[in-house]
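Residue strings, one per chain:
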Amino acid sequence: MNVLLIGGGGREHALAWKLAQSPLLGRLYCVPGNAGIEEIAQCVALDVADHAAIIRFCKENLIGLVVIGPEAPLVAGLADDLEAASIKAFGPSRHAAQLEGSKGFTKDLCAEYGIPTAAYRRFADASAAKAYVATQSLPIVVKADGLAAGKGVVIAQTRDEAYQAIDECFGGAFGAAEAELVIEEFLDGEEASFFALVDGENALPLATAQDHKRVFDGDKGPNTGGMGAYSPAAIMTPALCARVMQEIIAPTVRAMNARGTPFKGVLYAGLMIKDGAAKLIEYNARFGDPETQVLMLRLKSDLLPALLAVAEGKLSSITLDWHDDVALCVVMAAKGYPGAYAKGSEVKGLQAAAADPNVEIFHAGTKRESGRIIADGGRVLGVTARGNTIAEVRSRAYAAVDKIDWPGGFCRRDIGFRAVGRQAKK
Ligand code: AMP
Ligand code: GLY
């Protein structure tokens, strides 16, 4: 079967790497891809927003499945348009992608179906939002309603900070996200990412993972898309995973079905864990980045039949086996990220870094110019290692990082610190 993968980040390189191992795969194409994906797939320079062009490409190249990586094309209805053209797609419809595309939508759904989440209110104007903040305890969380590339969330320690966030939000600081906001209770605890494949009716949990959202060591500095991840996440015990499936994922799947907008794809729940119980912070309607990098390294089963079963509504026939080991990914980003950063510096030493057979280097923002690898985005590489213990994979991943010669980049040096601490205590 020929597959078209949409996206060009580290998540998509990891998906491409895993799909390329499938005995069922014919040709693998990727729009737009990156310098790493290019080594295992044919990258095609199409505009992802031009759905007619994507459909034409699929028909011309006998594409059996389109795997949509990022959220923007989902919210823009690419899966709907593909299905209308009788092309199978892995990824939710425009309506179902509202679980990620509108925080207010998801909060209302949680309220209606009793899904545990932070207490909240929705606002469409600044003065009402400020009046509400004045009555609430601190810290308090201000969120732009729509997609804001991870930047639309402010955890305000003072009321003035909250008022400023409200003004910025309604002033258009988060683009199209400015029309509405959600103000919610601050949740204390430890965060974890939880993924389940969903075919509209059935849900199949994936292995557990945790990422590191803040840019600097010790979880300091602004939020990013994710600076590193590891799997499994010890905090997600089998009992807690079962509870999350029962209390959060299953009611969401039922609710989306009941509303006539069934969710198909991967449901990514951002969770806050405290005292053995989980609350939903937010949903994403796609795989996590860099969580996918560690999950794909640990997935033993073929990915392609599972993604196809999601698209066809046949997930109940699928089981997934996982390697009983540990994976960890260190993201290397351009200096300045998640703020302004320069593009165009050369990344060297990748071959030496990837010499260890237990290391995979997934590319994110890279491109190839006259045979050289050039940094072309904020997050540029995901150096990912497998091994028996978290301490072992951590030193393996950093040994590979240290072979990469890229003065324009940086990374956190403490990925996995919570898990290493836990292991040391045992
Ligand atoms: P979101 O885009 O909703 O995932 O928020 C980004 C990050 O902000 C989350 O990963 C959390 O670290 C933090 N965050 C969001 N909502 C809350 C909350 N209610 N309480 C505490 N932290 C939060
Ligand atoms: N790792 C966070 C995300 O994919 O949104």
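As a starting point, this report considers the structure included with it. Everything quoted here is computed from the prediction, not taken from an experiment.

Here helix H1 (residues 10-19) crosses helix H10 (residues 291-298) at 15°, and the two axes come no closer than 8 Å. In terms of orientation, H1 lies roughly parallel with respect to H10. Helix-helix and strand crossings are classified by hand; for H1 and H10 the assignment is left-handed. In this structure, H1 contributes Gly 10, Arg 11, Ala 14, Leu 15, Trp 17 and Lys 18 to the contact, and H10 contributes Thr 292, Gln 293, Met 296 and Leu 297. Residues that form the contact of H1 with H10 fall into these classes: five nonpolar, three polar and two charged.

By the criterion of burial, strand E23 (residues 379-387) is predominantly enclosed, with eight of the nine residues buried. Bridge count for strand E18 (residues 326-334) against E23 is eight bridges, and the pairing is antiparallel. Each residue of the ladder has a partner; that of Cys 329, found in E23, is Thr 384. Direction of pairing for strand E20 (residues 359-363) relative to E23: antiparallel, over a ladder of five bridges. Bridging from a neighbouring strand, His 363 pairs with Leu 381 of E23.

Attention now goes to the sheet that holds strand E16 (residues 264-274). One open sheet holds the four strands; their spatial order is E11-E10-E16-E17, and the pairing between them is antiparallel. On the outer flanks of this sheet lie strand E11 (203-205) and strand E17 (277-284), each paired with one strand and no other. Between one strand axis and the next, the sheet turns through 35° on average, direction left out of account. Pairing between strand E10 (residues 190-199) and E11: three bridges, direction antiparallel. Along E11, the bridge assignment pairs Val 198 with Ala 203. Against the sheet, helix H9 (residues 238-258) makes contact with E10, E11, E16 and E17, and its axis sits at roughly 45° relative to E17, the strand it touches most.

Moving on: the site of ligand 2. Taken together, Asp 211, Lys 213, Gly 225, Tyr 268, Arg 286, Gly 288, Asp 289, Pro 290 and Glu 291 make up the full set of residues near ligand 2. Within the side chain of Asp 211, an N or O atom sits 2.6 Å from a nitrogen atom of ligand 2. Out of a free accessible area of 200 Å², ligand 2 has 90% covered by protein chains. Across the shell around ligand 2, the residue classes tally to two nonpolar, two polar and five charged.

Hydrogen bonding along the main chain pairs the strands of a sheet, whether they run parallel or antiparallel. Ordered in space as E19-E22-E21, the three strands form an open sheet in which the pairing is antiparallel. Strand pairing shows two members of the sheet lacking a second neighbour, strand E19 (346-347) and strand E21 (366-369), which therefore form its edges. Across four bridges, E21 lies against strand E22 (residues 372-375) in antiparallel orientation. Looking at the pairing, Arg 368 lines up with Ile 373 of E22.

Turning our eyes to something else, we now look at the packing of helix H6 (residues 103-113) against H9. The geometry of H6 relative to H9 is characterised by a closest axis approach of 10 Å and an angle of 105° between their N-to-C directions. With respect to each other, H6 and H9 are oriented roughly perpendicular. Of the residues in H9, those in contact with Phe 105, Leu 109 and Tyr 113 of H6 are Pro 251, Thr 252, Ala 255, Met 256 and Ala 258. When its residues are assigned to classes, the contact of H6 with H9 shows seven nonpolar, one polar and no charged.

About the criteria used
- Think of each chain on its own: its residues are numbered from 1, step by step along the sequence as written.
- Labels follow written order: the first chain is A, the first ligand is 1, and so on.
- In view of the model being predicted, local features appear only for residues whose pLDDT reaches at least 70, and side-chain atom pairs are presented and counted only at 80 or more, with totals across whole chains, interfaces and linings using the full set of residues.
- Here the side-chain values reflect all heavy atoms present in the structure, with hydrogen atoms and water set aside.
- For helices, the fitted line uses only the C-alpha atoms of the stretch in contact; every axis is such a line through C-alpha atoms, and the angle between N-to-C directions lies from 0 to 180 degrees.
- Starting at the N terminus, helices and strands are each numbered in turn, a helix being any DSSP run of H or I of at least four residues and a strand any DSSP run of E of at least two.
- We call two directions roughly parallel when the angle between them is under 35 degrees, roughly antiparallel when it is over 145, roughly perpendicular when it lies between 65 and 115, and oblique otherwise.
- The sense of a crossing depends on the near helix, which, turned anticlockwise from the far helix by less than a right angle, makes the crossing left-handed and, turned clockwise, makes it right-handed.
- We call two residues in contact whenever any of their non-hydrogen atoms come within 4.5 Å of each other.
- Ten residues, namely Ala, Val, Leu, Ile, Met, Phe, Trp, Tyr, Cys and Pro, are considered nonpolar, four, namely Asp, Glu, Lys and Arg, are considered charged, and the remaining ones, Gly among them, are considered polar.
- Exposure classes here rest on a 1.4 Å probe applied to the protein chains alone. A residue is buried below 20% of its type maximum, exposed above 50%, and partly exposed in between.
- Pairs of strands are assigned from DSSP output, requiring at least two bridges between the strands.
- The near set for a molecule or strand comprises every residue that places at least one heavy atom within 4 Å of it.
- Whenever two N or O atoms come within 3.5 Å, that pair is a polar contact, provided that in protein one can donate a hydrogen and the other can accept it, and provided that, for residues adjacent in sequence, both atoms are side-chain atoms.
- All accessible-area figures derive from a Shrake-Rupley calculation using a 1.4 Å probe, and residue coverage is judged against the displayed protein chains alone.

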